[in-house]
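Reading the structure
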Amino acid sequence: MMRLPHFRYRAPASIEEAARILADEGSQAMLVAGGTDLVPNMKRRHQEPTTLVSVRRIDALKKVANGAGLTLGAGLTLSEVVGTGAVREHYQGLWEAASQVATPQLRNMGTLGGNVCLDTRCTYYNQNYEWRKAIDFCMKKDGETCWVATASKRCVAVSSTDTAPALIALGAKARLVSASGEREVALADLYNNDGIEYLTRRPDEILTEIVLPPAAGWRSAYWKLRRRGAFDFPVLGVAAAVRAAPDGTVEDARIVLGAVASRPVVTRAGELLSGRKLTDEAIAEVAAKVATRAKPLDNTDLEIYWRKEVVPAFVGYALRQIRGDDMRATRLRIARQSLG
Ligand SMILES: Cc1cc2nc3c(=O)[nH]c(=O)nc-3n(C[C@H](O)[C@H](O)[C@H](O)COP(=O)(O)OP(=O)(O)OC[C@H]3O[C@@H](n4cnc5c(N)ncnc54)[C@H](O)[C@@H]3O)c2cc1C
Ligand code: SF4
C-alpha cells in the first residue's frame, strides 16, 4: 500500500486567508483542490509539501459570472463546468474538453483550477517511489538524468491537461491572486515549455478565475486521442476555435495542440485560415501545416510515430465539426462515446 507522507493541513475559508498562509509558509506549501492528481502524486513522493492548503471551503472560487464573456471560478468541479449552461451553449470546445477528462467520479472531485495547473506526465515519472529508485530516479524528481532524452538539459514531460488547450483556443485569461496583489495573464502565458517548471505561476499565487471573452461569432471544438474511451489522459488533444463571417469566410482562428510538448502548443492557425473558407482543401492544407508543430516524445502511451501521423486527421475532425459537418459517427469511433 502506498501511504501519504506527513503534512499539515490547512482549510482557509477565503482567498485572502489562503494567500496569507501561502505567503507565510513559502514554497514548501502547496494548494490542493480535488486532490485527484496531487494526492496520488504525493503517495508516489513526486510532491512532498510540508503543508497542504485546501481551497475546497472557499466559496468565492465557485463563481460563475456572465458578463461580456464568462468567468469561471477555479474551484468549480469539472462536472460543474460541464453542467454550466453557458459553457455548453457558447464554449463548446471547453464543454467537450471538460466532458472527456478522466471519469465521472474524477470529474466530480477534480476542479478546473487543478486541471489547468496539472503536473506534467512521463512514463519514467508516473511510477511509485521504488520503481523510480530502481532507475536511479530522473531529473524531474530526485535524479539527474532525463531517460527520455539523455542529452537533454530540460525535462520533456508532457502537458496532459484537457481543458487548457480548449481554454487557450477560446482566448481565456487566468486571474492569479497572492498576498502581494493580483494579476491577469493570457492563459497561454501561464505555461513554460519545461516539464519541471511548467507554470509561470509563483508558488504563493492562487489561480482564482478563468475569464473567457465573449463568444459571439466563434465556434469551437475539442478532439482527444486516448487509449480507452472510458478514461485516460490525452496523448493528443486538438482544440480549435474559428470566427467566420456569415458567408463562411474565416475572420480569425486558433488551433492549440495538447499532450505533444511540456506546454499546450499554440499554432499559426489564424494566419493560415484567415480570409479563406473551410473547404476540404483548406482544411487538409492547414491541418498538415499545423501538425508540424506537434513534437510528441516517447514518454507517454501509444506509439510515437503513429501519434504524430494522426495529428492532421484530428485537426481535420475539429475543423470539419466547426464547419458544421455531422461528426457524430466519427466522434463515436474516436472517443467511443457520443458526448451527449
Ligand atoms: C485515473 C485518472 C485519470 C485522469 N485522466 C485525466 C484526463 O483524461 N485529463 C486530464 O486533464 N486530467 C486527468 N486526470 C487528472 C485530474 O483528475 C484532473 O486533471 C483534475 O481536474 C485535477 O483537478 P484537482 O482539483 O483534483 O487537482 P489537484 O490534484 O487538487 O491539484 C493539481 C495541481 O493543481 C494545483 N492547484 C489546484 N488548484 C489550484 C488553484 N486554485 N490555484 C493554483 N494551483 C492549484 C495543485 O497544487 C496541484 O499542483 C486524471 C487523474 C486520474 C487519477
Ligand atoms: S521527461 Fe525526462 S526528466 Fe522529465 S519526467 Fe521524463 S524522464 Fe524524467
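Here the structure is a predicted model, which means the values were calculated and not measured.

Residues of strand E3 (residues 51–54) alternate between two faces, with Thr51 and Val53 on one and Leu52 and Ser54 on the opposite face, all of them buried. Summarising the sheet, strand E1 (residues 8–10) and E3 pair through 3 bridges and their orientation is parallel. What sits directly across from Arg8, in E3, is Thr51. One ladder, built from 4 bridges, connects strand E2 (residues 29–32) with E3; its direction is parallel.

Next up on the list: the packing of aromatic side chains. Within this structure, the stated rule accounts for 4 aromatic pairs. The ring of Tyr125 is capped by Lys140, whose NZ or CZ atom sits 4.7 Å from the centre of that ring.

Next up on the list: the site of ligand 2. Close to ligand 2 lie Cys122, Tyr124, Tyr125, Cys138, Met139, Lys140, Cys146, Trp147, Val148, Cys155, Val156 and Ala157. When its residues are assigned to classes, the shell around ligand 2 shows 11 nonpolar, no polar and 1 charged.

The next point concerns the sheet that holds strand E9 (residues 218–225). Sheet architecture is open: 4 strands sit in the order E9-E10-E11-E12, paired in antiparallel fashion. Since the sheet does not close on itself, it has two edges, and those belong to E9 and strand E12 (265–266), each with one partner. Relative to strand E11 (residues 250–258), strand E10 (residues 236–244) runs antiparallel, the two sharing 8 bridges. The partner of Gly237 across the bridge, within E11, is Gly258.

Here we take up the packing of helix H11 (residues 280–291) against helix H13 (residues 311–323). The interhelical angle for the contact between H11 and H13, taken along N-to-C directions, is 140°, at an axis separation of 8 Å. In terms of orientation, H11 lies oblique with respect to H13. As for the relative orientation of H11 and H13, their crossing is right-handed in sense. Residues Asp280, Ile283, Ala287, Ala288, Val290 and Ala291 of H11 touch H13, and the partners they reach there are Val311, Pro312, Val315, Gly316, Leu319, Arg320 and Arg323. Within the contact of H11 with H13, the residues separate by chemical class into 9 nonpolar, 1 polar and 3 charged.

Cut-offs and rules
- Residues numbered from 1 in each chain as written.
- Chains lettered and ligands numbered in written order.
- Predicted model: local features only at pLDDT ≥ 70, side-chain atom pairs only at ≥ 80, totals over all residues.
- Heavy atoms only, no water.
- Buried < 20%, exposed > 50% of the residue type's maximum accessible area, 1.4 Å probe, protein only.
- Helix = DSSP H or I, 4+ residues; strand = E, 2+ residues; numbered from the N terminus.
- Pairing = 2+ DSSP bridges.
- Phe/Tyr/Trp six-rings, centres within 6.5 Å; stacked < 30°, edge-to-face > 60°.
- Lys NZ or Arg CZ within 6 Å of the ring centre and 35° of its normal.
- Near = heavy atom within 4 Å.
- Nonpolar A, V, L, I, M, F, W, Y, C, P; charged D, E, K, R; others polar.
- Axes fitted to C-alpha atoms, helices over the stretch in contact; angles between N-to-C directions.
- Parallel < 35°, antiparallel > 145°, perpendicular 65-115°, else oblique.
- Left-handed = near helix turned anticlockwise from the far one by under 90°.
- Contact = heavy atoms within 4.5 Å.

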